[in-house]
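Secondary and tertiary structure notes
Spelled out, the chains give:
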Amino acid sequence: MLISRTNSLTQTHALFLEWMCIQEAKKAARYATENGNGGTKPHTPPPLEADCLEIYETGRTLLATLGYPLFEPLVPPTGSPDASELFYCKRAGTNARGEYTSEGFVVLKGSIGRAEISKAFQNHSFAKHREELIAAGKLAVEGNAVVFKENVLFQSRAAPPPSSAEPLPTGGASGKTKRASRSTKPSATLHPLRPPNNNKADR
């Protein structure tokens, strides 16, 4: 709920904000919208639209701060200053891409894994998570492959990817060597190299 302390909101403000919030929530694709319609964008004079944009930005920031990033995309747009390094996995029928973010590891839409899973995978909790993603429509079985239909965030802190991207069985490669960035060899680890600390920061 967004309110005005000055009671200055009109029906135009309400309709525009409803329409804009629905569009931005769908674009971010973090949550499923349950609205019965897509909202209606009314004719909005520039001064009123400027008011709405300011109200929207305030609400967007507050929601994200409270832990509900309804309008924040999982990964920054390509080419933006916040865009992170892209990592990939190509092995045994798997062709997946992902990015680290402040929230975890995001497997990108269009990533492909093997539909066939091993007995060990079937007996793991990862298999249940994979079925939940399929039921939610985020992952789809297409022939011999599973395909990510949207960007999916994995927040596992117990192990580095690919454990945190568990719906993509890849045939037994180890966690840290299975993905590499565009600029490194396939055997490189995900973690960036850091220079040794020689206590020369003040020089």
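Residue numbers restart at each chain and count upward from 1, following the sequence in its written direction. Predicted model: local features are reported for residues with pLDDT of at least 70 only, side-chain atom pairs are reported and counted for 80 or more only, and whole-chain, interface and lining totals are derived from all residues. Neither water nor hydrogens contribute to the side-chain values; these are computed over all heavy atoms in the structure.

1. A short note on the pairing of strand β3 (residues 104–107)
Any two strands with at least two DSSP bridges between them are considered paired. Think of it this way: any DSSP run of H or I at least four residues long counts as a helix, any run of E at least two long counts as a strand, and we number them from the N terminus. In the sheet, strand β2 (residues 94–101) pairs with β3 via 4 bridges, with the strands oriented antiparallel. Along β3, the bridge assignment pairs Gly98 with Val107. Hairpin remark: β2 followed by β3, antiparallel, with 2 residues in the connecting loop. With 3 bridges joining them, β3 and strand β7 (residues 152–154) adopt antiparallel strand pairing. Residue Val107 lies in a different strand from β7, and its bridge partner there is Val152.

2. Topic: helix α4 (residues 125–135)
Per-residue accessibility, obtained with a 1.4 Å probe over protein chains only, is compared with the maximum for each type, and a residue is labelled buried under 20%, exposed over 50%, and partly exposed between these values. Within the sequence span of α4, burial applies to Ala127, Arg130 and Leu133. Burial along α4 is one-sided: seen end-on, the buried residues are contained in an arc of 120 degrees. Exposed and facing more than 90 degrees away from the buried side of α4 are Ser125, Lys128 and Ala135. Looking one or two residues beyond α4, the residue adopting positive phi is Gly137, at roughly 80 degrees. What the arc describes is the spread of directions from the helix axis to the C-beta atoms.

3. A look at unusual backbone geometry
For residues besides glycine, phi is generally negative; the peptide bonds are generally trans as well. With a phi angle near 55 degrees, Asn7 is a residue other than glycine that sits in the positive phi range. Inspection of the secondary structure puts Asn7 in the segment before α1 (11–28). Of the residues examined, Asn7 reaches a relative accessible area of 70% and is grouped as exposed. With a phi close to 60 degrees, Ala29 is a non-glycine residue in the positive phi region.

4. A look at α1
Helix span, as expected, comes to 1.5 Å for every residue beyond the first. Taking 1.5 Å of rise per residue, 18 residues should cover 26 Å, and α1 covers 26 Å from first to last C-alpha, within 8% of that figure. All of the buried residues in α1 are His13, Phe16, Leu17, Met20, Cys21, Ile22, Glu24, Ala25 and Ala28.

5. Some remarks on the environment of Leu139
Residue position: Leu139 is located in strand β5 (residues 139–142). Accessibility expressed as a relative area gives 1% for Leu139, which makes it buried. Sequence spacing of Leu139 and Lys149 is 10 residues, and the spatial spacing of their C-alpha atoms is 5.6 Å.

6. Regarding the pattern of salt bridges
Any carboxyl oxygen of Asp or Glu within 4 Å of a side-chain nitrogen of Lys or Arg constitutes a salt bridge here. Evaluation of the coordinates by the stated rule reveals 5 salt bridges. For Arg60, the salt bridge is made with Glu57, and the minimal N-O distance between the two is 3.8 Å. Placement of both Arg60 and Glu57 in helix α2 (residues 46–65) is noted, with a separation of 3 residues, approximately one turn of the helix. Residue class for Arg60 comes out partly exposed when judged on its relative accessible area of 22%. A salt bridge links Glu72 to Arg60; its shortest N-O distance comes to 2.7 Å. A residue pair is termed long-range when its members are at least 10 positions apart, and Glu72 in the loop between α2 and β1 (86–91) and Arg60 in helix α2 qualify at 12 residues. Residue Glu72 is classed as partly exposed on the basis of its relative accessible area, which comes to 22%. Each of the salt bridges in this network shares a partner with another, and the network as a whole consists of Glu57, Arg60 and Glu72.

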